[in-house]
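Next come the chains, spelled out residue by residue.
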Amino acid sequence: MPDLNRIAYLMAAGCVLTAAVDAAPPPTHTDEAQVPAYTLPDPLKFADGSAVSSAKDWTERRRPQLLELFAEQMFGKAPPAPKSVKTRTLSEKDVFGGTAIRKEIEVTLVEQPTPVTMTILLYLPKTDKPVPVFLGLNFRGNHTVTTEPDVALNTNWMENKTPGVVDHRATEESRGSQASRWPVEMLLKRGYGLATAYYGDIDPDFHDGFQNGVHPAFAKSGQSQPAPDEWGSIAAWAWGMSRGLDALEQESRVNAKQVIAIGHSRLGKTALWVGATDPRFAIVISNDSGCGGAALSRRHFGETVARINYSFPHWFCENFKQFNENEAALPFDQHELIALIAPRPVYVASAAEDLWADPKGEYLSAIYADPVYRLLGTDGIGGAAPSTELPPVDHPISNGTIGYHIRTGKHDINDFDWEQYLNFADRHLRARKN
Ligand code: GCU
C-alpha cells in the first residue's frame, strides 16, 4: 500500500499520482556552504514596502497583518477562545515533604460531538503569595514527567517509539521516563510552579485527516477536514495551551499574569505560536524548536519546509505546502514569528549537535527580531547591534529581553536549559509589579 504521507507530499507538490508511488523524502543537508543566498522580509516594512516607524504602527497595523499571514499560510486559523472553560479537580495532595502541592485538573476542551479533555498536572511551591508558573505540554503523558507512583497513567493514543508504550498505549514501565526533561523540584525551590499536560490529549500526533482530538468539534456542517487556511495540529496544541492558561486563571495560588509558555522541539514551535496568538503569556521559551519554530525557513538547512510537510502533513495548514522548496515565496520568515511576541521576553535555545533544527537559523531569527523589540522600547537582545556570528556554546546571551543560548549536546531539554530559563524569568518577573 502506498505511504499516505508521501502521497500527501506529492499532491501538495502538484504531482500527478500514478499507481505505484514511492517518492523519496525531500532532500536535506547540514552543510553551511549549501545555504542559498536569501533575502529576509523586513518586519518593519508593511506589505506595500512603506516603513513601520512607530510602536503604534507596529501594534495597530503591522503586527495584525503578520499575525494574519502566519495564521492563514502556516499554522492555520484556530477557533476563538470559548467564553469559559470547565475544570474539575481530580486529585490534590502535599508532596515533596509538604513543601509543595500537587494537583491533577481535568480541563474540558470540547463537549460535542465527543468530549475531549486534557489533564493538567500542576505543582506549586507552598507560599503565601500566588506564584509564577511554567506551562508546557509534554510528549508522553503526565506520568512520565515524574516518578511519583500515583500520578494517573495517561490512557490516550501515543507513539510506540518510547519504551513502555505498547500498542499505542502507555504502560507503568513508562512512568518517569521523561523526568530528566522536567526538573520539578528545582523549579519549586526557585519559587516557580509547573503545569504540564500531554499534547496528545488535545490532538493525537498522527495524520488521520483530523478525525480525532479537538478538530471535529469545530468543523462546519458538511466539512470533513479543516479548510486550507484552518488549523493543523500545532495550532490545536497551541489552542490547548491557551485553555490550560484559562484553567490556571481559576487557581488562586497561581499568578496568572506570570505564566511562562515553554516547549521543546515540536512543542517549542507550539510555544512560539501560542506566545504569538495569546498575549496573556508573560514570557515565551522555545527549546530546540527548529523548522517551523525559531529556525529561518529560507536558510534551507537541516529540516526544510518540504521535509516537515512530507513527514508531518498534519502539523501545519494545507496552505503551508505551497512553500515546499519555495521558501522565497513565503510572505514572512521565522524571525517575524518571534517579533510577534514583542515586547514580551522571549528565549530561544539550541543544542550544538542538533543540526536538524539549525542552531544558526534559530539564533539569526532571535537577532533579526531585535529591531521590533527595540522599536517597542525594550533593549532587544541587549547591548549594541548584535553579531550574526553564533555565540560560543554554553555562553548564554541573556541580559536583554530576547535571550539565546546554544549548549553542548543533543536535541533535548535538560537542567542547563532550565537554569537559564529560571534566571531569565527571575530577571524579568522581578522587574514587574504584578
Ligand atoms: C522531528 C521533526 C522536528 C521536531 C522533532 C520533535 O525531528 O522533524 O521538526 O521538532 O521531531 O518534535 O522532536
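On a predicted model such as this, the values are computed, not experimentally measured, just so you know.

Visitor: Would you mind going over the overall build of the chain with me for this structure?
Guide: Summing up its helical and strand segments, the chain has 11 helices and 11 strands in all. In terms of principal-axis extent, the alpha carbons of the chain reach across some 60 × 55 × 40 Å. Of the contacts made within the chain by residues no fewer than 6 positions apart, 68% connect residues no fewer than 24 positions apart. For the chain, the computed accessible surface area is about 17500 Å², with 53% contributed by carbon and sulfur atoms. Where the 42 positive side-chain charges of the chain centre and where its 53 negative ones centre are 5 Å apart.

Visitor: Got a minute to help me understand the packing of helix α2 (residues 55-75) against helix α6 (residues 266-277) in this structure?
Guide: Angle between the axes and distance between the axes are the two parameters that describe a pair of packed helices. At a closest axis distance of 11 Å, the pairing of α2 and α6 adopts a crossing angle of 140 degrees. Considered as vectors, α2 and α6 are oriented oblique to each other. For the pair α2 and α6, the crossing hand works out as left-handed. Every residue of α6 that contacts α2 at Arg63, Leu67, Phe70, Ala71 and Phe75 is listed here: Trp273, Ala276 and Thr277.

Visitor: Mind showing me how you'd approach the nonpolar core here?
Guide: Nonpolar side chains in soluble globular proteins tend to be buried together. Core analysis: the largest hydrophobic core is formed by 85 residues, its most contacted members being Phe70, Phe75, Ile120, Leu122, Val214, Leu248 and Trp273. Among the elements that line this core, the one with the most residues is helix α5 (residues 233-249), at 10 residues. Beyond its immediate sequence surroundings of up to four residues, Val214 is in contact with Leu109, Val110, Val116, Ile202, Trp231, Ala236 and Trp239. The next biggest cluster of nonpolar side chains, apart from the first, holds 27 residues, and it includes Leu188, Ala282, Phe424 and Leu429.

Visitor: Could you clarify how one ought to interpret α5 in this entry?
Guide: Structural remark: α-helix, 3.6 residues per turn; residues separated by three or four positions point the same way. Between its terminal C-alpha atoms α5 stretches 24 Å, which fits the 24 Å expected from 17 residues at 1.5 Å a residue. Counting buried residues along α5, 16 of its 17 residues qualify, which places the element largely inside the surrounding structure.

Visitor: For this particular structure, what's the right way to read the site of the ligand?
Guide: Near the ligand, the surroundings consist of Phe139, Ser265, Arg266, Lys269, Glu303, Ile308, Phe312, Trp315, Trp356 and His411. In this structure, Ser265 approaches the ligand through a side-chain N or O atom, which is 2.7 Å from an oxygen atom. Arg266 is positioned such that a nitrogen or oxygen atom in its side chain is 2.5 Å from an oxygen atom of the ligand.

Visitor: What should I look at first to understand the confidence of the model for the chain in this one?
Guide: Segments scoring low in pLDDT should not have their predicted coordinates read at a detailed level. Of the residues in the chain, 94% have a pLDDT of 70 or more, and the chain-wide mean is 94. Here residues 1-21 scores under 50 on pLDDT; set against residues more than four positions off or in separate chains, the count is 22 contacts.

Visitor: Whenever I open this one, the sheet that holds strand β8 (residues 254-264) confuses me. Can you help?
Guide: Strand order in this open sheet of nine strands is β1-β2-β3-β7-β4-β8-β9-β10-β11, and the pairing throughout is mixed. The open sheet has two edge strands, β1 (86-95) and β11 (402-407), and neither has a second partner. Across the sheet, the axes of successive neighbouring strands diverge by a mean angle of 20 degrees, strand direction being ignored. By the bridge criterion, nine bridges tie β1 to strand β2 (residues 100-110) in an arrangement that is antiparallel.

Analysis parameters
Residues numbered from 1 in each chain as written. Predicted model: local features only at pLDDT ≥ 70, side-chain atom pairs only at ≥ 80, totals over all residues. Heavy atoms only, no water. Helix = DSSP H or I, 4+ residues; strand = E, 2+ residues; numbered from the N terminus. Contact = heavy atoms within 4.5 Å. Areas by Shrake-Rupley, 256 points an atom, 1.4 Å probe, with all protein chains shown as cover. Lys, Arg positive; Asp, Glu negative; His and termini not counted. Charge placed at Lys NZ, Arg CZ, Asp CG, Glu CD. Axes fitted to C-alpha atoms, helices over the stretch in contact; angles between N-to-C directions. Parallel < 35°, antiparallel > 145°, perpendicular 65-115°, else oblique. Left-handed = near helix turned anticlockwise from the far one by under 90°. Core = buried A, V, L, I, M, F, W, Y, C linked by side-chain atoms within 4.5 Å. Buried < 20%, exposed > 50% of the residue type's maximum accessible area, 1.4 Å probe, protein only. Expected span 1.5 Å × (residues − 1). Near = heavy atom within 4 Å. Polar contact = N/O pair within 3.5 Å; in protein donor to acceptor, adjacent residues only side chain to side chain. pLDDT = per-residue confidence, 0-100. Pairing = 2+ DSSP bridges.

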